[in-house]
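Summary of the model geometry
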Amino acid sequence: MEILSNPDLWIGLLKIIWINIILSGDNAVVIALAARALPPDQQKKAVMLGSAAAVVLRIVLTIVAVKLLSLPYLQIIGGLLLLWIGVQLLGGEDEGEEGGGKQHSTLASAVRTILIADLVMSLDNVIAVAAAANGSMVLLVLGLAISIPLVIFGSSLMIKLMNRFPIIILLGAALIGWVGGETMASDVSLHDAMAANPSLHYVAAAVGAVLVVAIGKLLASRGRQQAAQH
């Protein structure tokens, strides 16, 4: 009953929900891209499982995020992993549509992709959530739990938009590449270089987006050629 009578807790809860609304946009894109490759009857399961598991993962990350982010090269590795995920999601898209198959043939593989991407993309985001929670585990869990339907709704909407407007798939992959570049540029080992040249942060993000789109489209083109030969 404490949360019902304490205005500070309500304010903290609203802060956490708002932070998650703002920070969950890229996560919704990843979930939608991964789930879109599944049969329609499994898409909702992937979105719900991926979103719920991602929020649980985010709670755990919040507890250890500050210590994790202090480790050098961790975000560089994470950023490279995001670039790889973006390339795989985009590179298999046209191949799957042309060849009659999908990149993610199982629910488990889609959920795994969602979790890996969310793990990397949430490393810095959770610090903002932890600050808003101000040490209250009740606030942290409640705020993130309430965020689940927000992420699910956003992912479901993105799937519908991707089916109607295929260009969104390309933009979504570019967004993953952008976040991957930002993640690498934010690594503690590069702090001094980035502080001296702030524009490098945006250069790294742009390079990440371009690499994902270029390599992804190249793989998709090769996939179409191989499908045509068979």
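What counts and what doesn't
Residues numbered from 1 in each chain as written. Predicted model: local features only at pLDDT ≥ 70, side-chain atom pairs only at ≥ 80, totals over all residues. Heavy atoms only, no water. Helix = DSSP H or I, 4+ residues; strand = E, 2+ residues; numbered from the N terminus. Buried < 20%, exposed > 50% of the residue type's maximum accessible area, 1.4 Å probe, protein only. Contact = heavy atoms within 4.5 Å. Areas by Shrake-Rupley, 256 points an atom, 1.4 Å probe, with all protein chains shown as cover. Polar contact = N/O pair within 3.5 Å; in protein donor to acceptor, adjacent residues only side chain to side chain. Expected span 1.5 Å × (residues − 1). Core = buried A, V, L, I, M, F, W, Y, C linked by side-chain atoms within 4.5 Å. pLDDT = per-residue confidence, 0-100.

Next up on the list: the overall build of the protein chain. Each helix and strand counted, the protein chain has 12 helices and 0 strands in total. Secondary structure elements of the protein chain occur, N-terminal to C-terminal, as α-α-α-α-α-α-α-α-α-α-α-α. With 230 residues in all, the protein chain has 44% of them scored as buried. Look at the contacts in the protein chain between residues 6 or more apart in sequence, and 84% of them connect residues 24 or more apart. Surface exposure of the protein chain reaches about 11900 Å², of which carbon and sulfur atoms provide 69%.

It is worth spelling out the side chain of Asp187 at this point. Take Asp187: it is sitting in the loop between α10 (167–185) and α11 (191–196). Here Leu74 takes part through its backbone nitrogen, which lies 3.2 Å from a polar atom of the side chain of Asp187. Within the structure, Asp187 has its side chain in polar contact with the backbone nitrogen of Ile76 (distance 3.4 Å). Beyond its immediate stretch of four places on either side in the chain, Asp187 contacts Leu71, Pro72, Tyr73, Leu74, Gln75 and Ile76.

Here helix α7 (residues 107–121) spans 21 Å end to end across 15 residues, near enough to the 21 Å set by a 1.5 Å rise per residue. Residues Ser109, Ala110, Val111, Thr113, Ile114, Ala117, Asp118, Val120 and Met121 constitute the buried set of α7.

Here we come to the environment of Leu211. Tracing the backbone shows Leu211 in helix α12 (residues 199–229). Taking the C-alpha atoms as reference points, Leu211 and Gly181, 30 residues apart in sequence, are found 9.7 Å from one another. The contact partners of Leu211, leaving out residues within four places of it in the chain, are Val87 and Gly216.

Here we come to unusual backbone geometry. Its identity as a non-glycine residue notwithstanding, Tyr73 has a phi of 75 degrees, on the positive side. Relative to the assigned elements, Tyr73 resides in the loop between α4 (40–69) and α5 (74–91).

Further remarks concern the side chain of Gln43. Along the chain, the position of Gln43 falls in helix α4. We classify Gln43 as buried; its relative accessible area is 14%. Here Gln43 is in contact with Ala35, Arg36, Leu38 and Ile159, once residues within four sequence places are set aside.

Ranked by size, the top nonpolar core spans 33 residues in total, and within it Leu33, Leu82 and Met162 carry the most contacts. Of the residues forming this core, the biggest block, 7 residues, is contributed by helix α3 (residues 25–36). One finds Ile16, Val55, Ala132 and Ala133 within the second-largest nonpolar core, a separate group that totals 12 residues.

So, on to the confidence of the model for the protein chain. In this model, the protein chain carries a mean pLDDT of 80, and residues with pLDDT of at least 70 account for 83%. In the model of the protein chain, helix α6 (residues 93–99) stands out as the element of lowest mean pLDDT, 47, in contrast to α11, which has the highest, 92. Residue range residues 94–104 is modelled with pLDDT below 50. Its contacts to residues more than four positions away, or to other chains, number 22 contacts.

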